[in-house]
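Residues per chain, in single letters:
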There are 12 protein chains.
Amino acid sequence: MTPLKILVLHGPNLNLLGRREPEIYGSITLDQVNAALEARAAKLGAVIDSFQSNHEGELIDCIQTASALYQGILINPAAFTHYSYALREALAAAGLSLVEVHLSNIFAREAFRSHSVVSPVAAGVICGFGINSYLLGLEALVQVIGVGGK
Amino acid sequence: MTPLKILVLHGPNLNLLGRREPEIYGSITLDQVNAALEARAAKLGAVIDSFQSNHEGELIDCIQTASALYQGILINPAAFTHYSYALREALAAAGLSLVEVHLSNIFAREAFRSHSVVSPVAAGVICGFGINSYLLGLEALVQVIGVGGK
Amino acid sequence: MTPLKILVLHGPNLNLLGRREPEIYGSITLDQVNAALEARAAKLGAVIDSFQSNHEGELIDCIQTASALYQGILINPAAFTHYSYALREALAAAGLSLVEVHLSNIFAREAFRSHSVVSPVAAGVICGFGINSYLLGLEALVQVIGVGGK
Amino acid sequence: MTPLKILVLHGPNLNLLGRREPEIYGSITLDQVNAALEARAAKLGAVIDSFQSNHEGELIDCIQTASALYQGILINPAAFTHYSYALREALAAAGLSLVEVHLSNIFAREAFRSHSVVSPVAAGVICGFGINSYLLGLEALVQVIGVGGK
Amino acid sequence: MTPLKILVLHGPNLNLLGRREPEIYGSITLDQVNAALEARAAKLGAVIDSFQSNHEGELIDCIQTASALYQGILINPAAFTHYSYALREALAAAGLSLVEVHLSNIFAREAFRSHSVVSPVAAGVICGFGINSYLLGLEALVQVIGVGGK
Amino acid sequence: MTPLKILVLHGPNLNLLGRREPEIYGSITLDQVNAALEARAAKLGAVIDSFQSNHEGELIDCIQTASALYQGILINPAAFTHYSYALREALAAAGLSLVEVHLSNIFAREAFRSHSVVSPVAAGVICGFGINSYLLGLEALVQVIGVGGK
Amino acid sequence: MTPLKILVLHGPNLNLLGRREPEIYGSITLDQVNAALEARAAKLGAVIDSFQSNHEGELIDCIQTASALYQGILINPAAFTHYSYALREALAAAGLSLVEVHLSNIFAREAFRSHSVVSPVAAGVICGFGINSYLLGLEALVQVIGVGGK
Amino acid sequence: MTPLKILVLHGPNLNLLGRREPEIYGSITLDQVNAALEARAAKLGAVIDSFQSNHEGELIDCIQTASALYQGILINPAAFTHYSYALREALAAAGLSLVEVHLSNIFAREAFRSHSVVSPVAAGVICGFGINSYLLGLEALVQVIGVGGK
Amino acid sequence: MTPLKILVLHGPNLNLLGRREPEIYGSITLDQVNAALEARAAKLGAVIDSFQSNHEGELIDCIQTASALYQGILINPAAFTHYSYALREALAAAGLSLVEVHLSNIFAREAFRSHSVVSPVAAGVICGFGINSYLLGLEALVQVIGVGGK
Amino acid sequence: MTPLKILVLHGPNLNLLGRREPEIYGSITLDQVNAALEARAAKLGAVIDSFQSNHEGELIDCIQTASALYQGILINPAAFTHYSYALREALAAAGLSLVEVHLSNIFAREAFRSHSVVSPVAAGVICGFGINSYLLGLEALVQVIGVGGK
Amino acid sequence: MTPLKILVLHGPNLNLLGRREPEIYGSITLDQVNAALEARAAKLGAVIDSFQSNHEGELIDCIQTASALYQGILINPAAFTHYSYALREALAAAGLSLVEVHLSNIFAREAFRSHSVVSPVAAGVICGFGINSYLLGLEALVQVIGVGGK
Amino acid sequence: MTPLKILVLHGPNLNLLGRREPEIYGSITLDQVNAALEARAAKLGAVIDSFQSNHEGELIDCIQTASALYQGILINPAAFTHYSYALREALAAAGLSLVEVHLSNIFAREAFRSHSVVSPVAAGVICGFGINSYLLGLEALVQVIGVGGK
């Protein structure tokens, strides 16, 4: 059976994972996150491609090519969560199943972090579990795709 | 090895699951949710007790007894999400690991649903994946307990 | 012809009617309200069951059993009007015709009374006419049921 | 016994009733509303005069003459509901019993419709029951006049 | 010397003065207000024409003709104070000296009365002194015209 | 081929065009605007009737007769833009194609001008181009009618 | 002399006192609070009955019986402070002298804690002094009753 | 006949009048204002004492002594208008007739100037007429005292 | 044993106590308040110095000298409660135990009175009990000092 | 005669035009939009260069070079409309005539779309007419340039 | 060459510098700040006079005398920053070059500290650098005076 | 001694300095700013590298490499000041001393300019002094680094 193809997107500053404010974001690096996602994907009959950028435009470019190549997108929009309507529009336009994840519990930090412009176009949201937010998000996404959800 | 003991709490009207507005909440019943959680718990080396109530006070009473009996709480506060500071206080006082889940994507519905008074005292939040929100939430909770998180 | 069956619900503190702040709520007791409703129902080819509680959970429990037994609900949510999303959800889930009534004109008192979380799921709202709010609400409800409205 | 004299006022665009957005406002015409009100008034020992205008000033002029001629006013302010403080002042100055009605449930539509500048000077409000809002409002008004209420 | 010509405008419901809510607005009638203004004008070397209307459009029509005939406008916009941007625009377009008056202290009543859409285009505002608000406003206006103020 | 029939509506104070605050609104008169619209209409295979009023009610009366006579409405609501829900309702009820225009850029002036209660029921909005706002609006309207848009 | 009878009410989660977040609420238990209140009451010529519940409805039921049995109510509404209009209504309806107390200084914590829906119907409020808030509140209440205050 | 005694108070920076931002406040000095007030007072059968201070406390001290010595207060609170609740309380406590004046039209300047904490305790407000605001305010005050108004 | 030394501060207009709006503030004078505080202090093993001023700066000067002389401050900030951040800073800088009291229930009056800029730096707050607010506040303060609280 | 040179800018995701949410944005592609603009430009004596980017920075770079090469800019900022102050600054700095267009009526969609940070620096705005918004915008821009407007 | 004369103003509680909350404000005293400013002034060809007061009125009195004596003002308004419109008006009226400084980063503390009523009338603002805020502010001020800025 | 290494970052449109709106931003070019910074740095025992970009992503990329190479960052975020949480996160993650500067007084211009999302993660802020804001900011930064501040 052809495996599901999933695009994993990491927003700005996530390339610093493991080095940046480890008391909040932990000591796991982005490479380790991606490796863990690949392993979990394998168990779920899926393969992932992952992409990180500090450039809103590069993320949008990447999303625009995703429709033809992937069945779903797993995204941690990082700081773009709070203002990038352009990212939101790209995700909505892609027409793929979409799951939004965050490493930390964004509702238990500064007020500005509680508002996501991306959430209204996602199937669901997972936050607060560190790397596990990604892994659970991948499971959720595979399930959403399986039932034909957006 | 002693299995983890997890308390699963379902807020008001969730006993109607499967019959209530199935276009939003799906056709799975609460018994089926609990059965699925039990099965998943078994795989994770955990056992669950589940409790549903339409009474804020009964949920609080139940939470107050949980400290001595459980290592974590998985809760779908349903409509209490938006105003029950009493529930929040009970959960905070319990001092257990806490994961909040919702069947639907509460950020893609009416404005009042976007605000949770519970989230700031939870380890993390998962929403939008139907019954899978519960199952992923259970996985997340087991992991949170494993690392000693609150 | 089988009479319509209507559930009449009275929210918190309405059991005090006639004794509580009579300059606002009048001197008629809840028993008298129910008796007047029964008499009016008889004229309209309907029968009523009435229930009062100070417990949000008891009202929700009662509403959940109503679907199978009644064709409509007449409710004065009293103070729950302003915050009980749980009550609103129960009413919405019941799928019955629903009319909301208030003894006093809630728009001519303190600001917090002008907002009802119940109104958006009701067919209509009547307020300001004392016991007559109930009687007119009953008439309206019978009519709404007659035309198959929610 | 001298019948009560009631002034029925219809705000802007209500002359289009039956033709305008019938999915919201139904197919009954304003003449039919007035005829039904006349019939109901007869049963209640009252007579009505009705007046519709798209001109705020004409409604105010009409209200100013009402004190000497009527015992009460039944009004559907239509779109003036949301901003016409001038209409509100005229109604308050008339010193007659006043009931406000709306065909649709104004609390279940766009946000701007939930705020009425007229309600604070009315005895009570009825909305959501189509033509029945008028008929119930007439009954309520007759009762309010009977007990000497404003 | 040619007397100054002043247009005095009275907004909606002011024709009821003396009969309407006398505990707020006093027992003096609009005719008496106008007579007092005429007398005061005579002392100030001015003549007045006064106009009252419940129709926003009639007031605007009147204001539009004022440029050629008058040197200043004294207005009590009554309820139009709070929302009639059309009146404001007409007054601004007239290019005449403008003084706004109110019988009662609009800052010591309901919150909605504290905001005037007219004030930003007036030379000044006087409120709270009953009929004296008009008389002082007339004195102020004559002075404003005298120094060529708008 | 029968020409399209278009109703052009001008809100309050627009009869002063050319004389009123020319630094904002220019020196072209309303007659010149109408003449230019007639000429442009001829090129587009349409004829126009134009109507200006300072009376909200007259504009509504006029709109109510438009359904049977016209295929579209071009409106500059002027100051009514910001509060006349009655005008909005009349336009929505007419069921014709609708284009809203403004002479000045309402988004580059006082804050209150940025909100239009009419825009949500229009096909589109054009502002900032002086008389050209009208001419472009007419072109847009003819096109909207051509594709059967509202 | 007959001692004053005072009802002491403790809101949700206060049964956990001494065990719950002791860094905020201290290590004294609710039994110790009640014992201290009884001792202080004895000195003041009063006797107390105390009642704690996590159920809003039980507190309301209890308050409704209080009118006939007590001269005053001392309440720590805990989390109900911030949203329970039903509790507020019950307290207002009881018609007894009322004092509201809080263990912690609610104005020096999270923003949501600064707003009490109960305070407007109390004689006074005391917060920030731990168990002493209760004892001082009892003294205040006895004094309020003594001067016939509400 | 004993002349009325009026206290005239000038708030902070008004001692600079004539030198400070003359394009807004004009070139008349505070001494000239006081002289003009004295002259006008003489005509009205009154005498004035005037006091200016940049110290909120000195103004309050002065107001506190006024009850026994004066029948009314004429105040330009200047910048204290917008925040000095202490000044407001002193004025309210004085129990004298009170008129508030401003040289400029505070509603046509920066937003913060539109809100006065003093106005709700004044009989009326006059603004926008330069020195004439004071003179008209004095006339208004004498009239208010004459009818026993506060 | 050396008695505790307590500084009692009274904000603006409190020197008028007993004469100012007695229906709100009662008929007891400030001297009587101070005498009652001295008597109560004696019972508590403390002595007080009291100081009243209408001058924010004098209160701050006084507070600045308090660190070396007193163990705690009891303050009724009166109208400074709502805006004097300078007073708050002085109190915070003093580093002494601090209790804030109000004669009336500030939560049952005008909206602006519900917000205190001082409360966040106090140990606790007592309001609504007239002179008893002071006496209870003194007891609370002695207790706070006793346990080394701020 | 030298043709006018116009820069046409398309914001993020507009390269997807025709494929993205066609029920909102139609089935015309961006190439077709550009071709239609070129044809219309030719009729108007102008030539266009068009540029689309998902990168805010690339659009800004492009705008910075525009001053020397073009007489005007026609822009559809897409999602950048709502937050890109950097784009706004670049457009303001360019000092060229500027027209803002949108395919859909941004005032009849989600609330966040009603606010444009670009509009205050544009000459005018056109929205709601699909590709015609562009074509009319081009006409408007040519006219604006012709009269030397910004 | 005549040295520049600069007035340095320190707001309330700054006389406590070095003793007050040293973890925020450091251990340097106000005398040391003034000495450092004198030294820096000497290098810049300027002399300073410094003045601290806890009295808003004394600061205003001082500023009013400054026009004739100084070329610029360097001010740390301390807590007056957030509400003293009287201070702002005095500074604006002085007509001198003005620089505002703060020891701490007011944008990284409580929300109320982020708003300054003084900043809009200053040439510039410097905060966050402890005593260095003053020294840099002095340099900036000398430069502003040098180029004739306000 | 090894000189300090400082990274100077200029946000979008600052490459236009000297040509863009010189009435606000002056006529000095960015090259001149950088040259002046280099000269000042030399005096302070530091060297600078400067980087300007209109691309948020490029600035973030640059900041991410800065930790290893520099001891501090001096940034003028230009328009990114108001919304780029991504930039803020990058700066916070860098862990270097940070000073924010602005050429103009952002508090004396449009309201949106008063809010900076960057300030809470900076050591301090300097604005309003043209090029001098940069030079003073560099001095401040060197001092901050010297005392080991962030």
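Reading the values: rules and limits
- Residues numbered from 1 in each chain as written.
- Chains lettered and ligands numbered in written order.
- Predicted model: local features only at pLDDT ≥ 70, side-chain atom pairs only at ≥ 80, totals over all residues.
- Heavy atoms only, no water.
- Helix = DSSP H or I, 4+ residues; strand = E, 2+ residues; numbered from the N terminus.
- Rg over C-alpha atoms; globule rule 2.2 N^0.38 Å.
- Buried < 20%, exposed > 50% of the residue type's maximum accessible area, 1.4 Å probe, protein only.
- Contact = heavy atoms within 4.5 Å.
- Areas by Shrake-Rupley, 256 points an atom, 1.4 Å probe, with all protein chains shown as cover.
- Lys, Arg positive; Asp, Glu negative; His and termini not counted.
- Charge placed at Lys NZ, Arg CZ, Asp CG, Glu CD.
- Salt bridge = Lys/Arg side-chain N within 4 Å of Asp/Glu carboxyl O.
- Polar contact = N/O pair within 3.5 Å; in protein donor to acceptor, adjacent residues only side chain to side chain.
- Nonpolar A, V, L, I, M, F, W, Y, C, P; charged D, E, K, R; others polar.
- Pairing = 2+ DSSP bridges.
- Axes fitted to C-alpha atoms, helices over the stretch in contact; angles between N-to-C directions.
- Parallel < 35°, antiparallel > 145°, perpendicular 65-115°, else oblique.

J.: For this particular structure, what's the right way to read the overall build of chain A?
T.: The helix and strand tally for chain A stands at 5 helices and 5 strands. Ordered by position from N to C terminus, the α and β elements of chain A give β-α-α-β-α-β-α-β-β-α. Scaling as 2.2 N^0.38, a compact globule of 150 residues should have a C-alpha radius of gyration of about 15 Å, and chain A matches this with 14 Å. In chain A, which comprises 150 residues, the proportion classed as buried is 65%. A separation of at least 24 residues holds for 76% of the contacts in chain A among residues at least 6 apart in sequence. For chain A, the computed accessible surface area is about 5,000 Å², with 55% contributed by carbon and sulfur atoms. Averaged over its 9 positive side-chain charges, chain A has a centre that lies 5 Å from the centre of its 12 negative ones.

J.: How do you make sense of the interface of chain B and chain A when you look at a structure like this?
T.: Note on interface size: it is often stated as the accessible area lost on association of the parts. At the interface, 21 residues of chain B touch 21 residues of chain A. Taken together, the connections running from chain B to chain A amount to 1 salt bridge. The interface formed by chain B and chain A holds 6 residue pairs in polar contact (both at pLDDT 80 or more) in total. Those elements giving two or more residues to the side of chain B that touches chain A turn out to be strand 5 (124-127) and helix 5 (131-146) of chain B. Along the lines of polarity and charge, the residues of the side of chain B that touches chain A split into 13 nonpolar, 6 polar and 2 charged.

J.: Sorry if this is basic, but what is going on with the pairing of strand 5 (residues 124-127) of chain D here?
T.: The two faces of a sheet get side chains in turn, since along a regular strand they alternate between them. Side-chain alternation along strand 5 of chain D places Gly124(D) and Ile126(D) on one buried face and Val125(D) and Cys127(D) on a second face that is also buried. Relative to strand 5 of chain D, strand 5 (residues 124-127) of chain C runs antiparallel, the two being bridged by 3 bridges. The residue of strand 5 of chain D that forms the bridge with Cys127(C) is Val125(D). Here strand 4 (residues 97-102) of chain D runs beside strand 5 of chain D; their pairing, made up of 4 bridges, is parallel. Across the sheet, residue Val99(D) finds its bridge partner in strand 5 of chain D, namely Gly124(D).

J.: Whenever I open this one, the packing of helix 3 (residues 56-69) of chain E against helix 4 (residues 85-94) of chain E confuses me. Can you help?
T.: A pair of packed helices is characterised by two quantities: the angle between their axes and the separation of those axes. Residue and element names in this part refer to chain E. For the pair helix 3 and helix 4, the least separation of the axes is 9 Å and the interaxial angle reads 5 degrees. Put simply, helix 3 runs roughly parallel to helix 4. Here helix 3 contributes Glu-56, Leu-59, Ile-60, Ile-63 and Ser-67 to the contact with helix 4, which in turn contributes Ala-86, Leu-87, Ala-90, Leu-91 and Ala-94. By residue class, the composition of the contact of helix 3 with helix 4 is 8 nonpolar, 1 polar and 1 charged.

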